[in-house]
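Chain by chain, the residues:
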Amino acid sequence: MSTSTLAVDTPVVEVRDLSVAYGQHQAVNGVSFAVPAGRVVAVVGESGSGKTTTVSALLGLLPAAGRVVAGSVHVGGRDLTHVSERERRAVRGRVVGYVPQDPTVGLNPTLRVGEQVAEAVRRRGVPRRSVPAEVLEALAAAGIDDPAQRARQHPHQLSGGLRQRVLIATALAAHPQLVIADEPTSALDTTVAQKILDHLEGLVRTSGTGLLIITHDLRVATDRADEVLVMSAGRIVERGRPVDVLGSPQHPYTQRLVADAPGGGSRSVTLVAPAAAVSAEAAEAAQADDVVLRLEGVTKDFVVPRGAAQRTLRALDDVSLSVRRGTTLALVGESGSGKTTALRVAMRLEEPTSGRVVFDGEDITRRGWRELRPLRRRFQLVHQNPFAALDPRWDVRDLVTEPLHSFGIGTSAERARAAERLLDAVHLPAAFADRRPAELSGGQRQRVAIARALALDPELVLLDEPVSALDVTVQAQVLDLLVELQRERGLSYLLISHDLAVVADTSHDVAVMSRGRIVESGPTAQVFADPQATTTAELLAAVPGQRAARRAGAPDGQLLAEAAR
Amino acid sequence: MTTLTSPTQTSHTTSTTTAAADATTAAAEPALLPGGRRSRRAQLLRRPGVVVAVLYVLLALGTAAVPGLYTGVDPQQPHPADKLLPPGGQYWFGTDELGRDLFARVVHGSALTVQATLVALAIAVVAGLLVGLVSGFCGGWVDVVLMRGVDVVLAIPTLLLSLTIITALGFGTVNVAIAVGVALVPGFARITRAEVLRVKTLPYIEAARSGGATWTSVLRRHVLPNTWGPVVVLAVLDVGTAILAVSSLSFLGFGAQPPHADWGSLIASGRTYLVTNPWLSLLPGLAVGLLVLSLNHVAKSLEEVAR
Amino acid sequence: MTARYVAGRIGQAVVVLWAAYTVTFVVLYLLPSDPVSILVDTAGGAKGAASAAQVAAIKAEYGFDRPVPVQYVTMLGAALTGDLGRSVSLGTPVSTLLEENLPSTLALAVVAIAITVVAGLVLAFVATYVRRPWLRTLLERVPALGVSFPTFFIGLLLLQVFSFNLRLFPATGSQGLSSLALPAVTMAIPAAGMLAQVLVRGLSDTLGEAYVTTAHAKGLHRLVVHGKHALRNAALPALTILGVLVGSAVTASIVAETIFSRAGLGRLTQQAVLAQDIPLVMGIVVVAAAAFVLVNLVVDLIYPLLDPRVVVSRLAVRAA
């Protein structure tokens, strides 16, 4: 493998034929790349592809079990693989700055923000007196308003976005020659992540620092990098300019990544476009007036205890929406916009403060659990997190047939046969019936959760961020499954998502929420092509992968509207 | 050194490739954790320390069930010619001031101590589980009342609470068992409640409820089985605590009354001869210490494997 | 907000103390089928020897001829003024006995706790800091020894080795610092073991946290990362355990003082229970519970200073 073709300047970091092993297991295999000063390089790969191990090697922080088997890591001219811990430490912070993955856990909760930045400032040997001023400067440079006040605060008093900025300030405070950003966006809302990445990129480009972005999201990588490296199973399988990687991926793995990126590529949209996705019969039934679920003017207040005085927080404010039979209504918005509350009210897991919930013409707003129970058979829920939604002690057979058991349907032999049918419907082999959740992957678990929701043959399924916890390629498979099930069974979906790309692929209608209100709604293609509300426009602009499209001359949302059409 | 990559994450790599090669069927997706509970047990038994500990615990439990299997000697029988003999061939642990066989006395003393411990633990687990389940599951004022009660009992140091109960009930092995058991109830009540509260909010409970399951079936089929784990670990850990409490109380003179002797009272009566015949106290003490050490080791390994 | 927190916690402590008094009253005066006979036996020596007149006198002195609620209120009222009744076996007022015995136990407890904190902290820090796996495993196992062997066994072992064999410390007595050493170490070994276990676990967990990686990535020295970032967070759960250990010092002193024949609250407790001296046991429990509640109150008040998140969340929990 050759070194980077883009290396024009002297590289800050040069990795040559690096191989790292944990015992027998080879985590990184002959990886070579370089990051020149002032350039942005992105490494794309799924969890377990070896990208995080590569970063550990760059920082000289390989876990005790990890061993560099071959190759070298040159940082600032020194080979880190054969030096003492002392010399490795000299490199950390000073030469290579690190922005960790999750800002909510990346800062020490018991130390003030200022002190944590100061630790990095002091690494430069700044005189004691000028440390506080330099800390404020670093915080301000990372785009933090009122740095003097923030410096005195503790991490828990800051939002996720602010904490990420503090971490960026920390990484840059020691004036490193290279910054490594490890999955810089995965823990944040897309709009926040977008702003922060813009900022980081700006800082890096103006100061001549190199930037290495580690991500599982091809769209994030292609948006910002000068060079994209695709990693799989410890090897770099493809490298090149973003335009080339996106436009003509060579390696099958990259091709799949490009194809699977929701809304971003060549994924077969005919499968999901309303006319084709829904069978003729269901499409006919999908009249505007045939509504399965309707929320009418639903308002939900939460009481927030604040010392003696109680404060109410309005989570939902006069929300009305309707799900047409056989179609998908997507409810989108930032976290905290109230979309999950809306779903929980629709599911009657949460009592609305006012307004009505109407299921198939029946007002179920004031029904108790017992009176609602017969109707429960007709609408089911799929949770966001497939890891917690399955009882770890049960096997798959019992899991998928639990609703049948609850309603006393069938003998145990009949239920076992039902389990087989359900597994088949979600494309899991019958042999999986004996497995427990711990023995399944994330995607498989979500399939089991979907199978359970289908056990009672419902008409409506409420999907709460059904793929957000999954890897990109697995996301695509699960979404395909959902679309297929809808077509076969004429299901109606209420889909909650923050990812507009997911929505574009699957939904007939979309409702955009902001601060508890629905700010815009309509057919997906129409809303995405011509967004009226600012929230919609912002959400659309924040979808990664747009900048590559923009370079090609397409306006925001165009690609998504395309996909939804 | 810190770990950026966890070993599980990396061991995942090979299987991801398989998935990449054949992504059309969901079955090709990798499982995150190979093996379930069966492999856990195998994992435990592969540790030599655990095996030794388990064997010693079984040995001690055996003395409680059938002390006659270990020694045919009557622990009460004095041998006037063989007073205060050091450990040796005929008397493995030596003899006491009346010439009684110390090994036989330790074996039979173990029976008393282990039985008292088991009674204490039974009281603690049953009462604690009941209080914790009701408290966590019902919530509201029931929870408040029960948990304030538990807090109050916790405000009295454990051993002191046991002593108070003994003062009221009088001395003897059974009373010591009751006193220790009652003092352990709050711990079990708390952990059960915490587990119930944790499990209660998990999405699979919500999934079961929206799937039409009744609260009683949720309690029986989901909550109780998933609450067990930590309670069992605490029970194993607390066997050690209970043994220490039981033998401390009898060491202080509140347990088995002469001529019967459990471990604590054996050690106490040997104190008089500590200068000249230290084994009289130290050998029974070693027996207790090793048992508690073994139990703690088993509990700790259980917890490590369960994590 | 902070004043509210402090006031709230103090109020809670008072309520808990009152409730503990009540529980003890119930156990000691209502649980026995016949507390009078226990008292009579204790006061009059051998069973059955007490005359009818003695029984009547005792009944009158302890108020057993009155209804239970009246007895309770009278006793509680007296206790609030410092009158904890009169010891049956010794004939002295309980408060006098407590005053006499408290200082020696207090001295013992202070020394023991000092040893506990230093030993527990050092052991846990070193055990998680060393990098050789075998040494680490070895050091991590040490605390388990401390918590597994009964206190009285440890005491007897120390007595055997340091007093009888090496003749370094006196075997018994209450005079001077050297007589404090062995009982204090006896009390400290199990406590330090428990503290070290909690700290080792806390440190191991904390060292896996992302902010520790952040700290390493800044290029800080391992010692700084370990001591400043990890220990501070790991110390929080350990602080609670330490509170419990300090609060239980009276209980821990029972065995230590008995073994080393030291005068003090612990030894007094052992004698009181052995004589089934109900008023004296009651007095001791009240004092011990007060110490326990006080220490835990202090811990709760220190906690927010170490963990800035606590006040907010605790208040939220209480209000919810």
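Treat the numbers as computed from the prediction; the structure is a model and nothing was measured. (Residues numbered from 1 in each chain as written. Chains lettered and ligands numbered in written order. Predicted model: local features only at pLDDT ≥ 70, side-chain atom pairs only at ≥ 80, totals over all residues. Heavy atoms only, no water.)

Novice: Would you take a moment to explain the overall build of chain A for this structure?
Specialist: For chain A, the count of helices and strands is 23 helices and 20 strands. Counting all 565 residues of chain A, 59% fall into the buried class. Taking the intrachain contacts of chain A between residues at least 6 apart in sequence as the baseline, contacts between residues at least 24 apart amount to 69%. Here chain A displays about 21300 Å² of accessible surface, and carbon together with sulfur accounts for 48% of that area. (Helix = DSSP H or I, 4+ residues; strand = E, 2+ residues; numbered from the N terminus. Buried < 20%, exposed > 50% of the residue type's maximum accessible area, 1.4 Å probe, protein only. Contact = heavy atoms within 4.5 Å. Areas by Shrake-Rupley, 256 points an atom, 1.4 Å probe, with all protein chains shown as cover.)

Novice: What is the right way to read the interface of chain C and chain A from this model?
Specialist: The parts lose accessible area when they come together, and the size of an interface is often stated as this lost area. The partner chain A presents 27 residues to the 22 residues of chain C that form the contact. Both faces considered, chain C and chain A share a buried interface measuring about 2200 Å² in area, 61% of it formed by carbon and sulfur atoms. When the buried surface of chain C facing chain A is broken down by residue, Ala217(C), Lys218(C) and Pro308(C) rank first, second and third, together holding 25% of it. Scanning the region where chain C abuts chain A turns up three salt bridges. Across the salt bridge formed by Glu119(A) and Lys228(C), the nearest N and O atoms sit 2.8 Å from each other. At the junction of chain C and chain A, the tally comes to 16 residue pairs in polar contact (both at pLDDT 80 or more). At the level of elements, helix H9 (210-217), helix H10 (222-247) and helix H14 (310-319) of chain C are the ones that each hand at least two residues to the side of chain C that touches chain A. Of the residues forming the side of chain C that touches chain A, the biggest block, six residues, is contributed by H9(C). The residue inventory of the side of chain C that touches chain A, partitioned by class, reads nine nonpolar, seven polar and six charged. (Buried area = accessible area lost by both parts, 1.4 Å probe. Salt bridge = Lys/Arg side-chain N within 4 Å of Asp/Glu carboxyl O. Polar contact = N/O pair within 3.5 Å; in protein donor to acceptor, adjacent residues only side chain to side chain. Nonpolar A, V, L, I, M, F, W, Y, C, P; charged D, E, K, R; others polar.)

Novice: So what exactly am I meant to see when it comes to the packing of helix H4 (residues 48-65) of chain B against helix H5 (residues 102-138) of chain B here?
Specialist: The description of two helices packed together rests on the angle between their axes and the distance between the axes. Residue and element names in this part refer to chain B. Where H4 meets H5, the axes come as close as 7 Å, and the angle between the chain directions of the two elements is 95°. When the axes of H4 and H5 are compared, the pair comes out roughly perpendicular. In this structure, H4 uses Ala 60, Leu 61, Thr 63 and Ala 64 to contact H5, whose residues at the interface are Val 107, Ser 110, Ala 111, Val 114 and Gln 115. Across the contact of H4 with H5, the residue classes break down as six nonpolar, three polar and no charged. (Axes fitted to C-alpha atoms, helices over the stretch in contact; angles between N-to-C directions. Parallel < 35°, antiparallel > 145°, perpendicular 65-115°, else oblique.)

Novice: When you look at the nonpolar core in this model, what are you seeing that I'm missing?
Specialist: The nonpolar side chains of soluble globular proteins are, as a tendency, buried together. Grouped together as the largest cluster of nonpolar side chains are 98 residues, with contacts concentrated most on Val180(B), Leu249(B), Phe251(B), Leu156(C) and Ile259(C). With eleven residues, helix H10 (residues 215-251) of chain B is the single largest residue contributor to this core. Beyond its immediate chain neighbours, meaning those up to four positions away, Val180(B) contacts Ala120(B), Ser162(B), Ala242(B), Ala245(B), Val246(B) and Leu249(B). Within the second largest apolar cluster, 53 residues are counted, among which are Leu428(A), Leu470(A), Leu482(A) and Leu539(A). (Core = buried A, V, L, I, M, F, W, Y, C linked by side-chain atoms within 4.5 Å.)

Novice: Mind showing me how you'd approach the UniProt feature "transmembrane region" (unreviewed entry) in chain B here?
Specialist: The UniProt record marks residues 48-70, 118-142, 149-168, 174-192, 231-256 and 279-299 of chain B with the feature "transmembrane region" (unreviewed entry), using the residue numbering of this structure. Annotated as residues 149-168 of chain B, this span is 90% helix and 0% strand, and its ends, taken at the C-alpha atoms, are 20 Å apart. (UniProt positions renumbered as here; feature names shortened; annotations may be inferred.)

Novice: Which parts of the structure should I look at to understand the interface of chain C and chain B?
Specialist: Facing 52 residues of chain C, the contacting portion of chain B comprises 46 residues. On the surface where chain C and chain B come into contact, there are zero salt bridges. The tally of links from chain C across to chain B stands at five residue pairs in polar contact (both at pLDDT 80 or more). For the side of chain C that touches chain B, the leading source of residues is helix H13 (residues 278-306) of chain C, giving eight residues.

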